[in-house]
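# Remarks on the overall topology
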Amino acid sequence: KPRRPEYDSFRWLSQTPDVTDPSLRWYVDGSLVNGTVPTLATTGFAIVVTDAHSNLIAWGLGTLPNWITDAAGAEAWALALALKLCPTAPAIVTDCKGLLSEAAAAATNCSAKKKLARTWSHIRGACDGDTAKLRRDRRLDWMPAHASARNATALQKASGKKVSVVDWRA
């Protein structure tokens, strides 16, 4: 099996966003490609940032540490990085519903029995030990993905807000 980097990397493909601007919305996404063929399987993640007027502000992509081998891990790592980049939790949108339930399980998501405990330790650290506040403070929202633009705008996010065309594209 090809050797993956031991450590992660991330780079903005645009200008770096103002990480102190609370009006920005951060979209995180992780992916696994060719997961059924171990020698071809690869994971990665991206972050897209929009402003309050739905203008595209920044975008970037990254590789994952070699201990993350699935899409759920890639999604969680993207969340961890977005939280680490900002001094306070920004508004974050994900298409991984599992992140919502894990965030609510603040006390148990770092248990050694959890597959993504290492990643959730990073998230928990960025949340001052309380990942549940991402939900309480409405900083983390989920939206359905992998629908056409036409169908996506008829769907709702976990917050109850309609999915916009900007949400779908981001």
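Model, not experiment: these values are computed from the prediction.

A separate point is helix α1 (residues 71–85). When the terminal C-alpha atoms of α1 are compared, their 21 Å separation across 15 residues agrees well with the 21 Å that a helix rising 1.5 Å per residue should span. Burial analysis of α1 places eleven of its 15 residues in the buried class, which makes it a mostly covered element. Residues of α1 that are buried: Gly73, Ala74, Glu75, Ala76, Trp77, Ala78, Leu79, Ala80, Leu81, Ala82 and Leu83.

All right, on to the side chain of Glu75 then. Looking at where Glu75 falls in the secondary structure, it is placed in helix α1. Despite its burial, Glu75 pairs with no opposite charge, the nearest such side chain being Lys97 at 14 Å. Setting aside anything within four residues of it in sequence, one finds Glu75 in contact with Val28, Asp29, Gly30, Thr94, Asp95, Cys96 and Leu99.

Here we come to the packing of aromatic side chains. Per the stated rule, a full pass over the model turns up four aromatic pairs. Between the aromatic rings of Phe10 and Phe45, the centroid separation amounts to 5.8 Å while the plane-to-plane angle is 15°, which identifies the pairing as stacked. Pair noted here: Phe10 is in strand β1 (residues 9–12) and Phe45 is in strand β3 (residues 42–50), with a separation of 35 residues, a long-range link. Judged by centre distance (5.9 Å) and plane angle (70°), the ring pair of Trp12 and Trp26 falls under edge-to-face. Of this pair, Trp12 sits in strand β1 while Trp26 sits in strand β2 (residues 25–33); the two residues are 14 residues apart in sequence, bridging distant segments of the chain. The same class applies to Trp12 as to Trp26, namely buried. Here the aromatic residues Phe10, Trp12, Trp26 and Phe45 are joined through ring pairs into a cluster of three or more.

Two orientations exist for strands paired in a sheet by backbone hydrogen bonds: parallel and antiparallel. Here six strands make up an open sheet; going across it, the order is β1-β4-β3-β2-β5-β6 and the pairing mixed. Unpaired on one side and paired on the other, β1 and β6 (140–142) mark the two borders of the sheet. Across the sheet, the axes of successive neighbouring strands diverge by a mean angle of 20°, strand direction being ignored. Both strand β5 (residues 91–94) and β6 contribute to a ladder of three bridges, which runs parallel. Within β6, the residue paired with Ile92 across the bridge is Leu140. The strands touched by α1 are β1, β2, β3, β5 and β6; relative to β2, the strand with the most contacts, the crossing angle is about 150°. The strands touched by helix α2 (residues 97–104) are β5 and β6; relative to β6, the strand with the most contacts, the crossing angle is about 140°.

This structure, assessed with the given rule, holds three salt bridges. Taking the shortest distance from any N to any O, the salt bridge between Asp130 and Arg136 comes out at 2.3 Å. The class for Arg136 is exposed, based on a relative accessible area of 53%.

Turning next to the environment of Gly30. Counting through the fold element by element, Gly30 comes out in strand β2. Here the alpha-carbon distance between Gly30 and Leu64, two residues 34 residues apart in the chain, equals 9.6 Å. Once residues within four sequence positions are removed from consideration, Gly30 is found in contact with Gly44, Phe45, Ala74 and Glu75.

Reading the values: the criteria
Residues numbered from 1 in each chain as written. Predicted model: local features only at pLDDT ≥ 70, side-chain atom pairs only at ≥ 80, totals over all residues. Heavy atoms only, no water. Helix = DSSP H or I, 4+ residues; strand = E, 2+ residues; numbered from the N terminus. Expected span 1.5 Å × (residues − 1). Buried < 20%, exposed > 50% of the residue type's maximum accessible area, 1.4 Å probe, protein only. Lys, Arg positive; Asp, Glu negative; His and termini not counted. Salt bridge = Lys/Arg side-chain N within 4 Å of Asp/Glu carboxyl O. Contact = heavy atoms within 4.5 Å. Phe/Tyr/Trp six-rings, centres within 6.5 Å; stacked < 30°, edge-to-face > 60°. Pairing = 2+ DSSP bridges. Axes fitted to C-alpha atoms, helices over the stretch in contact; angles between N-to-C directions.

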